[in-house]
Amino acid sequence: MAYVVTDACVKCKYTDCVDVCPVDCFHEGPNFLAIDPDECIDCTLCVAECPVSAIYAEDDVPAGQQVYIQLNAELSKRWPSITASKSPLPDHADWAEVTDKLPHLQRD
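Everything numeric here is computed off the predicted structure, so don't read it as measured data.

**Examining the overall build of the chain**
1) Next: For the chain, the helix and strand inventory stands at four helices and four strands.
2) Next: Moving toward the C terminus, one meets the helices and strands of the chain in the order β-α-β-β-α-β-α-α.
3) Next: Against the 2.2 N^0.38 benchmark of 13 Å for 108 residues, the chain shows a C-alpha radius of gyration of 12 Å, consistent with a compact globule.
4) Next: Over its C-alpha atoms, taken along the principal directions, the chain stretches across nearly 30 × 30 × 25 Å.
5) Next: The buried share of the chain, taken over its 108 residues, is 44%.
6) Next: Summarising the internal contacts of the chain: among those between residues at least 6 apart in sequence, 77% fall at separations of at least 24.
7) Next: Carbon together with sulfur atoms contributes 49% to the accessible area of the chain, which is approximately 5400 Å² in total.

Rendered as structure tokens:
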């Protein structure tokens, strides 16, 4: 079972999780991170590092956010790997408490 980045990451893109990942399974898009389910080793280290609680075990993805399971699988294959943390997006604080951000996810 892989871990999944969900709605809370959109438009924030905190990368604290990237530094603790032992297998570099995170991939970076314009305003979201995705976990490659084929690379993830289910170590759970990333979960505690996310300041907006955006990462869940695949079986624990909240109701209404299951679409992110497929999105992580798809986008992680298209986006480049990220192996070191960066600053969050400039307006991350404005988006940290916003919900239902899927329409704002930039895929390219």
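**Re the nonpolar core**
1) Next: Among the nonpolar cores identified, the biggest contains 33 residues, and Phe-26, Phe-32, Ile-35 and Ile-55 are the most heavily contacted of them.
2) Next: Only β1 (3-5), α1 (16-20), β3 (33-35), β4 (55-57) and α3 (67-78) provide two or more residues apiece to this core.
3) Next: With sequence-adjacent residues up to four places away left out, Ile-35 is seen in contact with Tyr-3, Val-4, Val-5, Cys-25, Phe-26, Cys-40, Cys-46, Ile-55, Asn-72, Ala-73 and Ser-76.

**Quick notes on α3**
1) Next: Given a rise of 1.5 Å per residue, 12 residues ought to cover 16 Å, and the 17 Å separating the end C-alpha atoms of α3 matches this to within 8%.
2) Next: For α3, the set of buried residues is Tyr-68, Leu-71, Asn-72, Leu-75 and Ser-76. Buried residues in α3, looked at end-on, bunch into an arc of 115 degrees, giving them a common side.

What counts, and at which threshold
- Residue numbers here run from 1 along each chain, matching the order of that chain's written sequence.
- The model is predicted, so local features are restricted to residues of pLDDT at least 70 and side-chain atom pairs to those at 80 or more, both for listing and for counting; the totals for chains, interfaces and linings are taken over all residues.
- Note that water and hydrogens are dropped before the side-chain values are worked out from all heavy atoms of the structure.
- In this text, helices come from DSSP runs of H or I with a minimum length of four residues, and strands from runs of E with a minimum of two, each type numbered from the N-terminal end.
- Our radius of gyration looks at C-alpha atoms and nothing else; its globule reference is 2.2 Å times the residue count to the power 0.38.
- Only protein chains enter the accessibility calculation, which uses a 1.4 Å probe. A residue is then buried if its area is under 20% of the maximum for its type, exposed if over 50%, and partly exposed in between.
- It only takes one pair of heavy atoms within 4.5 Å for two residues to be counted as in contact.
- For every accessible area listed, the method is Shrake-Rupley and the probe measures 1.4 Å; residues are considered covered only by the protein chains on display.
- Definition of nonpolar core: a set of buried residues of the types Ala, Val, Leu, Ile, Met, Phe, Trp, Tyr and Cys, connected through side-chain atoms within 4.5 Å.
- The span you would expect from a helix comes to 1.5 Å times its residue count less one.
- The arc in question is formed by the directions pointing from the helix axis toward the C-beta atoms.

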